[in-house]
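Overview (structure and organization)
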Amino acid sequence: QVQLVESGGGLVQAGDSLRLSCVASGRTFATYAMGWFRQAPGKEREFVAAISWGWTGITYYADSVKGRFTISRDNAKSTLSLQMNSLEPEDTAAYYCGAAGATATLTKAENYIYWGQGTQVTVSS
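Residues numbered from 1 in each chain as written. Predicted model: local features only at pLDDT ≥ 70, side-chain atom pairs only at ≥ 80, totals over all residues. Heavy atoms only, no water.

1. Side note on the overall build of the protein
Stated precisely, the cut-off is as follows: The numbering of helices and of strands both runs from the N terminus, where a helix is a DSSP run of H or I of at least 4 residues and a strand a run of E of at least 2. Computation of the radius of gyration draws on C-alpha atoms, with the globule rule given as 2.2 Å multiplied by the number of residues to the power 0.38. Partly exposed residues are those whose accessible area sits between 20% and 50% of the maximum for their type, while under 20% is buried and over 50% is exposed, using a 1.4 Å probe and protein chains only. By definition in these notes, contact holds between two residues if any of their heavy atoms fall within 4.5 Å. Reported accessibility uses the Shrake-Rupley method at a 1.4 Å probe radius. Residues are deemed covered only where the shown protein chains occlude them.
The helix and strand tally for the protein stands at zero helices and 11 strands. Along the protein, helices and strands appear, N-terminal first, in the series β-β-β-β-β-β-β-β-β-β-β. Relative to a compact globule of 125 residues, whose C-alpha radius of gyration would be 14 Å, the protein shows 13 Å and is just as compact. Each of the three principal axes of the protein carries a C-alpha extent, and together these read 40 × 25 × 25 Å. Out of the 125 residues in the protein, the part that is buried amounts to 44%. Contacts spanning at least 24 positions in sequence make up 57% of the contacts within the protein whose residues lie at least 6 apart. Entry remark: accessible area of the protein is about 6500 Å², with carbon and sulfur atoms responsible for 50%.

Following this line, the structure appears as structure tokens:
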């Protein structure tokens with residue numbers, strides 16, 4: 001069992017930056033691939049970014065955030081991060097971190113085993 005707790009959301013203006021964190025319980029964090037998804041009201045949960053398990057640090061991004069967002073992990077601290085720069089009103093959503101198996105297709109929400117409770121990001125224009 002892995003518990004995930006997100007933090008770092010808030011209300012910002014367009015062009016600002018935010019850094020989201022997701023802290024995992026347990027000692028098996030490094031064995032999971034990790035991802036960030038977001039969900040706006042009335043919309044499906046959508047892929048934002050993901051990073052491979054272990055220490056290889058292979059990353060994946062949705063086209064809508066490529067070049068603006070950076071995902072990273074610190075296995076020693078069981079922490080996943082998402083640095084979000086040049087935020088846009090379209091980035092407004094609840095952001096969720098998830099843990100998936102090492103061989104999972106990381107862009108699909110249904111492949112994630114554990115989820116955090118989410119943290120709200122609101123970007124005003």
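Back to the write-up after that little detour.
2. A word on the sheet that holds strand β8 (residues 79–84)
Selection rule: Any two strands are treated as partners once DSSP identifies two or more bridges connecting them. What counts as an axis is a line fitted to C-alpha atoms, over the stretch in contact for a helix, and the angles between N-to-C directions run from 0 to 180 degrees.
Taken in spatial order, the four strands line up as β1-β3-β8-β7 in an open sheet, and their pairing is antiparallel. The two strands at the open ends of the sheet, each matched to only one other strand, are β1 (4–7) and β7 (69–74). If you compare each strand with its neighbour and ignore which way they point, the axes differ by 15 degrees on average. The sheet contact formed by β1 and strand β3 (residues 18–24) spans four bridges and is antiparallel. Within the sheet, the bridge partner assigned to E6 lies in β3 and is C22.

3. Concerning the packing of aromatic side chains
Formally: Two aromatic rings from Phe, Tyr or Trp, using only the six-membered ring of Trp, form a pair when their centres are within 6.5 Å; if the ring planes differ by under 30 degrees the pair is stacked, by over 60 it is edge-to-face, and anything between is tilted. Placement of a positive charge over a ring is assigned whenever Lys NZ or Arg CZ falls within 6 Å of the ring centre and within 35 degrees of the normal to the ring plane.
With the rule as written, the count across this model stands at five aromatic pairs. Feature note: the residues F37, F47, Y112 and W115 constitute an aromatic cluster, connected by ring pairs. Of note, R45 hangs over the ring of Y96, and the distance from its end group to the ring centre comes to 3.8 Å. One Lys or Arg, R45, reaches over the ring of W115 and ends 4.6 Å from the middle of that ring.

4. A word on the nonpolar core
Worth spelling out the cut-off: We define a nonpolar core as any set of buried Ala, Val, Leu, Ile, Met, Phe, Trp, Tyr and Cys residues linked to one another through side-chain atoms lying within 4.5 Å.
Counting 36 residues, the largest nonpolar core has L4, W36, L80, L82, M84 and Y95 as its most contacted members. Elements with a minimum of two residues in this core: β3, β4 (33–39), β5 (46–51), β7, β8, β9 (93–100), β10 (112–115) and β11 (119–124). If we skip the residues at most four places from it in the chain, Y95 touches E6, L20, W36, F37, R38, V48, F69, L82, M84, G118, T119 and V121.

5. Digging into the pattern of salt bridges
Where charged atoms of side chains with opposite charge meet at close range, the side chains can pair. Definition in use: Here a salt bridge means any side-chain nitrogen of Lys or Arg lying within 4 Å of a carboxyl oxygen belonging to Asp or Glu.
Using the criterion set out here, one finds five salt bridges in the structure. Between D91 and R38 there is a salt bridge whose closest N-O contact spans 2.9 Å. Placement of the pair is D91 in the loop between β8 and β9 and R38 in strand β4, with a sequence separation of 53 residues. Salt bridges sharing partners connect three or more residues here, namely R38, E46, R68, E88 and D91.

6. Some thoughts on the pairing of β11
Along β11, the buried face is formed by T119, V121 and V123; none of Q120, T122 and S124, which line the opposite face, is buried. In terms of strand pairing, strand β2 (residues 10–13) meets β11 through four bridges, oriented parallel. Bridge pairing in β11 places L11 opposite T122. When β9 meets β11, the two strands line up antiparallel, connected through three bridges. Considered in β11, the bridge of A93 is made with V121.

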